[in-house]
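# Inside the fold
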Amino acid sequence: MVAIRAQKKIWMDGKLVPWDEARVHVLTHGLHYGYTIFEGIRCHRTDRGPAIFRLDEHLDRFLNSAKIYRMRLPFDRSALHQACTDLVRANDVDEAYLRPVAFSGYGEMGLDPTKCPVQVAVALWPWGAYLGSEGVEKGVRATISSWVRNDARSLPPQAKCAANYANSALAKMEATAAGYEEAILLNSEGKVAEGPGENIFRVRDRVLSTPPASSGILRGITRDSVIQLAHEQGIAFQRTDFTREELFTADELFYSGTAAGITPIREVDGRPIGDGKHPLTRELQGLYEAVIRGRDPRHASWLTYTN
Ligand code: PPE
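Residues numbered from 1 in each chain as written. Predicted model: local features only at pLDDT ≥ 70, side-chain atom pairs only at ≥ 80, totals over all residues. Heavy atoms only, no water.

## Considering unusual backbone geometry
Condition: The helix and strand labels rest on DSSP assignments: H or I over at least four residues marks a helix, E over at least two residues marks a strand, and numbering proceeds from the N terminus.
Of note, Arg206 is a non-glycine position whose phi angle comes to about 65 degrees, a positive value. For Arg206, the location among the structural elements is in the loop between β11 (199-204) and β12 (207-210).

## A short note on the packing of helix α2 (residues 55-68) against helix α3 (residues 77-91)
The axes of two packed helices give the description: the angle between them and the distance between them. Quick reminder of the rule: An axis is simply a line fitted to the C-alpha atoms; with a helix, the fit covers only the stretch in contact. Between two such axes, the angle follows the N-to-C directions and lies from 0 to 180 degrees. The cut-offs work like this: below 35 degrees is roughly parallel, past 145 is roughly antiparallel, 65 to 115 is roughly perpendicular, and the gaps in between are oblique. If you view the pair so one helix is near and one far, a crossing is left-handed when the near helix is turned anticlockwise from the far one by less than a right angle, and right-handed when it is turned clockwise. Any two residues having at least one pair of non-hydrogen atoms within 4.5 Å are treated as being in contact. All residues other than Ala, Val, Leu, Ile, Met, Phe, Trp, Tyr, Cys, Pro, Asp, Glu, Lys and Arg, Gly among them, are scored as polar; the first ten of these are nonpolar and the last four charged.
Look at α2 against α3: their axes get within 11 Å of each other, and the N-to-C directions meet at 130 degrees. Taken together, the axis directions place α2 and α3 in an arrangement best described as oblique. For the element pair α2 and α3, the recorded crossing hand is right-handed. The segment α2 lies against α3, with Leu55, Asp56, Leu59, Asp60, Phe62 and Leu63 engaging Arg77, Leu80, His81, Cys84 and Thr85. Class assignment for the residues of the contact of α2 with α3 results in 6 nonpolar, 2 polar and 3 charged.

## Comments concerning the site of the ligand
Quick reminder of the rule: We call a residue near a molecule or strand whenever a single non-hydrogen atom of that residue lies within 4 Å of it. Throughout this description, a polar contact denotes any pair of N or O atoms lying within 3.5 Å of each other; where both atoms belong to protein, one of them has to be capable of donating a hydrogen while the other can accept it, and for residues adjacent in sequence the pair is counted only when both atoms sit in side chains. For accessible areas, the Shrake-Rupley method is used with a probe of radius 1.4 Å. Any residue's cover is judged against the shown protein chains and nothing else. Note on definitions: the grid is 1 Å and covers protein atoms alone; a cavity is a set of points where a 1.4 Å probe fits but cannot get out; a pocket is an open set with protein on both sides within 12 Å along at least five of seven lines; lining residues have an atom within 4 Å of a point. A pocket or cavity is taken to hold a molecule when more than half of that molecule's atoms are within 2 Å of the pocket's grid points.
Neighbouring the ligand are 22 residues, the closest being Tyr97, Tyr130, Tyr165, Thr222 and Thr258. The separation between an oxygen atom of the ligand and a polar side-chain atom of Arg99 is 3.0 Å. Separating a nitrogen atom of the ligand from a backbone N or O atom of Gly197 is a distance of 3.2 Å. Within the complex, 94% of the 550 Å² of free accessible area of the ligand lies under protein. Among the detected pockets, the ligand sits in the largest pocket. Mapped onto the shell around the ligand, the elements with two or more residues apiece are β6 (96-104), α6 (221-233) and β14 (252-257).

## Observations concerning the layout of surface pockets
Empty space among the atoms becomes apparent when a probe as large as a water molecule is rolled across them. Where we set the bar: Grid points are joined across faces, edges and corners, and a volume is the space filled by probe spheres set on the points.
When its volume is computed, the largest pocket comes out at roughly 500 Å³. Forming the walls of the largest pocket are 33 residues, and the residues nearest its centre are Tyr130, Lys160, Tyr165, Pro196 and Gly197. Elements represented by at least two residues in the lining of the largest pocket include exactly α2, β6, α5 (164-177), α6 and β14. Partitioning the lining of the largest pocket into residue classes produces 13 nonpolar, 12 polar and 8 charged.

## Points about the pattern of salt bridges
Filter applied, for reference: The rule for a salt bridge is simple: a side-chain nitrogen of Lys or Arg has to be within 4 Å of a carboxyl oxygen of Asp or Glu.
Considering all chains together, one arrives at 18 salt bridges under this definition. In this structure, Asp151 engages Arg153 in a salt bridge whose closest nitrogen and oxygen atoms are separated by 2.8 Å. Here the residues in one salt-bridge network are Arg45, Asp94, Glu95, Glu289 and Arg293, joined through shared partners.

Below, the structure written as structure tokens:
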């Protein structure tokens, strides 16, 4: 993990403000009760300037998170779209991670967030490979968490709510304290769900699979991109639940996510995965890279150029 490097501007409640002025009060409601939704979006350098990857899909998910949580956003999707593109230009960056966030603001305490004003901000900063550039190349060592993924009956995993990330943080800290790079969380039925901040894919006998949305996961936009790319390559694919032991017996495993990109998993709880070569993972990494860099005309519509 790399420390945040201060940038020029943050979009906050409708205007671009200097980085150091994007502040909130310590009694901000969302800080106490987790009533905060967010997104993570990447903008990449391309030959035609900075391009935001699948901005519309990320905004859709943001609006759906708000809907699930009865959060009334004071900005509509076109204002948020504009905020993201303005922000990239205002900061004069070509490679960045964008973080839209909305939360119950300062005003009331107590458990009914609807009494508080909703604040919305978008910040960006340069963020390198989430699980390290070595992880992207050589793969990471993962462990199955003793923490169960938050159940959809308690906290809806398809809403990207800050509260879900308390569960993620427990799993992440447990994994790193035990000397692993990342965790894999099972759901309350003991089926594989996802990583603390990534979806998971498995390859066995050239068949790619990933747990369905009903397994209690965030429906990743990288996950969706991987599925579409695999389909175009004629790679056999299925959405299916799988169990802990099917992780150990996989030929390949990888994480997918905006922050993580496509990161191979080379070991789970001391069992090496496959022969360590991960050929299909490598193929998908290459295809994904071409798309985000604007080199795949089939997916030009996934990019929003900011210049
Ligand atoms: N599951 C979870 C729980 C998750 O947080 C993410 C993204 C994904 C799956 C993959 O979704 P997508 O990015 O749309 O492919 N995690 C974000 C937060 C990371 C963080 O530490 O903050 C991310 O990758 O931006």
